[in-house]
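Take a look at the letters that make up each chain.
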Amino acid sequence: MALTGAEPNRAGAAEADAGAGRQLSGAEIVVQALLDEGVELVFGYPGGSVLHIYDALFKQDTVRHILVRHEQGASHAADGYARATGKCGVCLVTSGPGATNAVTGIATAYMDSIPMVVLTGQVPTPVIGSDAFQEVDTVGITRPCVKHNFLVKDVRDLALTIRKAFHIATTGRPGPVVVDIPKDVTDPNIKIPYHYPREIRMRSYNPVEKGHPGQIKKAVDLMLQATRPVFYTGGGVVLGEGSAQLTELVRATGFPITSTLMGLGAFPTTDGQFIGMLGMHGTYEANMAMHETDVLIAIGARFDDRVTGKIEHFCPHAKIIHVDVDPSSISKNVRVDVPIVGQVAGVLTEMLRLYQAQKPQPDPAPIADWWAKIADWRRLDCLQYDRTSAAIKPQFAIETLYKVTDGELYLTSDVGQHQMFAAQLYPFDKPRRWINSGGLGTMGFGLPAAMGVQLAFPEAQVACVSGEASILMCIQEMATCKQYSLPIKVVLLNNGYMGMVRQWQELFYESRYSHSYVDALPDFVKLAESFGHVGMRVERPADLEDAMREAFAMKDRFVFLDVVVDPTENVYPMIAAGKGHHEMHLSPSLTDRELA
Amino acid sequence: MRHIIAVLLENEAGALSRVAGLFSARGYNIESLTVAPTDDPTLSRMTLVTTGSEEIVEQIKKQLNKLIDTVKLLDLSDGPHIEREMMMVKVRAERPDREELKRLTEIFRAKIIDVTETSYVVELTGASKKLDAFIDAIPEGLLIEVVRSGPTGITRGEKGLTLS
């Protein structure tokens, strides 16, 4: 028997022993495999092709199933769970529309490299290809937005395939894996002996672990000679659990550090060495530092177009070091000088060791000069806004949220202006606290993602910052929140517009606000109440803090806080498409002090 | 620049569509692609010909390697190698042209593998350029149909693209 002894940290390992060698149906194998993987939560929605699996779920109580209200909610919730915990998210949906509804969430997870296993029902194998009821080519549809996918045609392949799916999803550069399971494969009347392999080796899949020592040495040599260095770190540091190692290295070097949207929290945002997020809505100091740096140390970041701006203007003076677990990330958009393929945490540890071994340590004077320059840029105070406004400024709402929650939130976000304001103004000091759709930019992500986070951490404060356009894209999940008593707080920055669309139309389309005004909004207070929740509305800056305190004081209630904000506010700084880091638009209040 | 890349893939359903999908999704050029199982029935060998700058070809190889079904990959263009492509050509072969076509076939060391009163099918194997030259040499108006396999390739010398 392949399975012996239980791994102590694996929930369900005892059951694994119980399951090994028993005669199980395909449906029972699915559930037993989830137990053996230590899966606590499955987000799903039943339907014809997965009824056998749902029946097997019904007969046990170790794997907890969370019934969402739309399959997109299931994939986002599994994704949110994975982002907050670092474990693999799992969702279960039926064939056809169940699978297609889940696709947006799968693509979202793919773009941000989130480990997730998606089990989809499929029509029975004899009718595959016959345009059967609720048939869709799930493997074909999901192929470009998964790390890998499988169609299981024989129950004897089921356990091994699920093991492979978890292995692939969680190792190397993580990502979603779809396992498509035809209904006849889960037939309760066909039983086979169950074996779940603990170890798995695939000749075609061997992710790189350790970085090349020679390359690491080259990188450290460059760092030791740097006079204007910058760390540029991304979501890979969070995914690779390299936060502690990064923090140590950054502190040991004394270099400034900037982060992408996905990397926020990997290094404490309130630390003086952190110079803000970079990129399209990054800080003046971070983007200027990128423009002037002589040694760029990119860790777990992928040189996304929202970060680099125009490639021709990107870091024109820099030698570039790039650490990434995925070889195909290296020199994809920007040619780098010292590529290091490997697990971020291990490479950072080795970098620190080599850096500290250098005797004597490098002259601190050039770095001090560099910091003086950065301090000048910082003095511009590029995130400032009008604090005297009679309307609630969205920035003020985020700052108040930070104040009221002591920076301790798990904060999920939808996509648009509110997302950028939160990224700029809610400092995250820990990884896995800021949960948003960076790569795909999926409106509707925030609320279901928050469900995944809250279910993972029932005692934690979880909030979703959203806009009135985004929130409506998955609003049905308020019913799920009610069913499972999830005390999430929705902080809605309601400006009546698709704010980011409106901003681009104002700046680049001569204020022709084509279809960006969200007419006929619901009464969010009543809407929340109709789902059985608490709804609140705030319109004046003076009332905001008290309202937020009141909302967060309701520890066991879902509260929907509709904050009416200034519809004309824009996110600054902003690098327009096709511009370089040094060509930022600044807030109009700053333009008379435009960049030197 | 033109590159000929050989890939050993798991012989799984869908492996080919992953490769084809990768090229279309990322906008890479693909000139030809051939694939068949190897002596080891669990493996398929694919040969693809692509063009692009060095940066793009580098990305193509990385992205191919990243596919879970890819076991091993070799850019044959990196070293000495042999390329062969197979072609079948159907030509109009009526009495006045039959001798000329037969002579051409001999010059190119091709074979006539089907004969009717009015047509030949000619089989020819060689480097792609030789195949092009044969087509160019066929007298105007006689060409009916051309079928090409796309090139396959192998490295010269003892070392090969194998699992060991």
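Residues numbered from 1 in each chain as written. Chains lettered and ligands numbered in written order. Predicted model: local features only at pLDDT ≥ 70, side-chain atom pairs only at ≥ 80, totals over all residues.

Asks: Is there a simple way to think about helix α17 (residues 446-456) of chain A in this case?
Replies: One turn of the α-helix equals 3.6 residues, which is why residues spaced by three or four share an orientation. Burial runs high along α17(A): 11 of the 11 residues are buried. The set of residues buried in α17(A) consists of Gly446(A), Leu447(A), Pro448(A), Ala449(A), Ala450(A), Met451(A), Gly452(A), Val453(A), Gln454(A), Leu455(A) and Ala456(A). (Buried ≥ 20, exposed ≤ 12 C-beta atoms within 10 Å, placed from the backbone. Helix = DSSP H or I, 4+ residues; strand = E, 2+ residues; numbered from the N terminus.)

Asks: Looking at this model, I keep getting lost on the interface of chain A and chain B. Mind explaining?
Replies: A common way to express how large an interface is: the accessible area buried when the components associate. Contacts between chain A and chain B engage 13 residues on the former and 17 residues on the latter. Here the side of chain A that touches chain B is built from residues that sort into 6 nonpolar, 4 polar and 3 charged. (Contact = placed C-beta atoms within 7 Å. Nonpolar A, V, L, I, M, F, W, Y, C, P; charged D, E, K, R; others polar.)

Asks: Is there a simple way to explain helix α22 (residues 541-553) of chain A in this structure?
Replies: Residues and elements named next belong to chain A. In this model α22 runs 19 Å from its N-terminal to its C-terminal C-alpha over 13 residues, within 8% of the 18 Å that 1.5 Å per residue would give. Of the residues making up α22, those classed as buried are Leu544, Ala547, Met548 and Ala551. Along the axis of α22, the buried residues cluster in a sector spanning 105°; they form a single face. The exposed set on the far side of α22, more than 90 degrees from its buried face, consists of Ala542, Asp546 and Ala553. Summarising the contacts, the buried residues of α22 are in contact with α15 (394-405), β18 (489-494), β19 (534-538) and β20 (559-564). (Expected span 1.5 Å × (residues − 1). Arc of directions from axis to C-beta.)

Asks: When you look at the domain arrangement of chain A in this model, what are you seeing that I'm missing?
Replies: Residue and element names in this part refer to chain A. For chain A, the assigned domains read domain 1 (13-193), domain 2 (213-379) and domain 3 (394-564). Averaged C-alpha coordinates put domain 1 and domain 2 at centres separated by 38 Å. Classifying every residue of the side of domain 1 that touches domain 2 gives 1 nonpolar, 3 polar and 2 charged. (Domains from an automatic or database assignment.)

Asks: Hey, could you run me through the nonpolar core in this one?
Replies: When a protein is soluble and globular, its nonpolar side chains tend to lie buried together. Membership of the largest hydrophobic core comes to 208 residues, with the highest contact counts inside it found for Val30(A), Val117(A) and Leu561(A). The residues contacting Leu561(A), other than those within four sequence positions of it, are Lys489(A), Val490(A), Val491(A), Leu492(A), Met536(A), Val538(A), Ala547(A), Met548(A) and Ala551(A). In this structure, Val89(B), Val91(B), Val122(B) and Leu131(B) belong to the second largest nonpolar core, which totals 11 residues. (Core = buried A, V, L, I, M, F, W, Y, C linked by C-beta atoms within 7 Å.)

Asks: I tried to follow the sheet that holds strand β4 (residues 70-75) of chain B on my own but got confused; where do I start?
Replies: Across a sheet, paired strands are connected by hydrogen bonds in the backbone, their directions being either parallel or antiparallel. All names here are of chain B. Spatially, β2-β3-β1-β4 is the arrangement adopted by the 4 strands of the open sheet, whose pairing is antiparallel. What marks the edges here is a single partner per strand, and that holds for β2 (32-37) and β4. The average angle at which neighbouring strand axes cross in this sheet is 15°, direction not considered. As judged from the 6 bridges shared by β2 and strand β3 (residues 43-51), these two strands associate in the antiparallel manner. Within the sheet, the bridge partner assigned to serine 32 lies in β3 and is valine 49. Packing against the sheet, helix α2 (residues 54-66) makes contact with β1 (2-10), β3 and β4, and its axis sits at approximately 160° to β4. (Pairing = 2+ DSSP bridges. Axes fitted to C-alpha atoms, helices over the stretch in contact; angles between N-to-C directions.)

Asks: Mind showing me how you'd approach the confidence of the model for chain B here?
Replies: If pLDDT is low for a region, its predicted coordinates should not be looked at in detail. Taken over all residues, the pLDDT of chain B has a mean of 96, while the share at 70 or more is 100%. This prediction of the complex comes with two scores: 0.94 for pTM and 0.92 for ipTM. (pLDDT = per-residue confidence, 0-100.)

Asks: When you look at the sheet that holds strand β9 (residues 229-233) of chain A in this model, what are you seeing that I'm missing?
Replies: Residues and elements named next belong to chain A. Strand order in the open sheet formed by 6 strands is β11-β10-β9-β12-β13-β14, and the pairing between neighbours is parallel. Each having just a single partner strand, β11 (274-277) and β14 (338-341) make up the two edges of the open sheet. Each strand of the sheet is rotated relative to its neighbour by a mean of 15°, with strand direction disregarded. Summarising the sheet, β9 and strand β10 (residues 257-259) pair through 3 bridges and their orientation is parallel.

Asks: Honestly, the domain arrangement of chain B in this entry has me stumped. Any pointers?
Replies: Residues and elements named next belong to chain B. Examined at the domain level, chain B breaks down into domain 1 (2-78) and domain 2 (82-152). The gap between the C-alpha centroids of domain 1 and domain 2 is 29 Å. Taken residue by residue, the interface counts 6 residues in domain 1 and 5 residues in domain 2. Within the residue set of the side of domain 1 that touches domain 2, elements represented by two or more residues are β2 and β3. If you tally residues by element for the side of domain 1 that touches domain 2, the top one is β2, at 3 residues.

Asks: What should I look at first to understand the pairing of strand β5 (residues 81-92) of chain B in this one?
Replies: Residue and element names in this part refer to chain B. Sheet topology note: the β5/strand β9 (residues 152-155) ladder contains 4 bridges and is antiparallel. Within β9, the residue paired with glutamate 83 across the bridge is glycine 153. Pairing analysis gives 8 bridges linking β5 to strand β7 (residues 119-126), with the strands arranged antiparallel. Looking across to β7, one finds that valine 91 is bridged to tyrosine 120. For β5 and strand β8 (residues 143-148), the ladder comprises 5 bridges, and the chain directions are antiparallel. Within the sheet, the bridge partner assigned to valine 89 lies in β8 and is valine 146.

Asks: Just checking my understanding: could you explain the packing of helix α10 (residues 243-253) of chain A against helix α13 (residues 344-357) of chain A for this structure?
Replies: Describing two packed helices takes the angle between their axes plus the distance from one axis to the other. All names here are of chain A. One way to put it is that α10 packs onto α13 with a least axis distance of 9 Å and a crossing angle of 25°. Classified by the angle their axes make, α10 and α13 are roughly parallel. Relative to α13, the crossing made by α10 is left-handed. Across the interface between the two elements, Gln245, Leu246, Glu248, Leu249, Ala252 and Thr253 from α10 touch Ala345, Leu348, Thr349, Met351, Leu352, Tyr355 and Gln356 from α13. For the contact of α10 with α13, the residue count by class is 8 nonpolar, 4 polar and 1 charged. (Parallel < 35°, antiparallel > 145°, perpendicular 65-115°, else oblique. Left-handed = near helix turned anticlockwise from the far one by under 90°.)

Asks: What am I meant to see in the packing of helix α4 (residues 71-85) of chain A against α17(A) here?
Replies: Residue and element names in this part refer to chain A. Where α4 meets α17, the closest approach of the two axes is 6 Å, and the angle between their N-to-C directions is 50°. Taken together, the axes of α4 and α17 lie oblique to each other. As for how α4 packs across α17, the hand of that crossing is right-handed. In this structure, α4 contributes Gly73, His76, Ala77, Ala78, Asp79, Gly80, Tyr81, Ala84 and Thr85 to the contact, and α17 contributes Pro448, Ala449, Ala450, Met451, Gly452, Val453, Leu455 and Ala456. Tallied by class, the residues present in the contact of α4 with α17 amount to 11 nonpolar, 5 polar and 1 charged.

Asks: Could you clarify how one ought to interpret the environment of Ser164(B) in this entry?
Replies: Within the element layout of this structure, Ser164(B) appears in the segment after β9. Sequence separation of Ser164(B) and Ser128(B) is 36 residues, and the distance between their C-alpha atoms is 30 Å.

Asks: Where do I start with unusual backbone geometry in this structure?
Replies: Trans peptide bonds make up most of the peptide bonds, and negative phi angles are found at most residues other than glycine. Residue and element names in this part refer to chain A. Between lysine 359 and the following residue, proline 360, the backbone shows a cis peptide bond with an omega angle of -10°. As for its position among the elements, proline 360 is in the loop between α13 and α14 (365-379). Cis geometry is found at the peptide bond from tyrosine 572 to proline 573, where omega equals -5°. Here proline 573 is to be found in the segment after β20. A positive phi is found at glutamate 241, a non-glycine position, where the angle reads about 50°. Within the fold, glutamate 241 resides in the loop between α9 (235-239) and α10.

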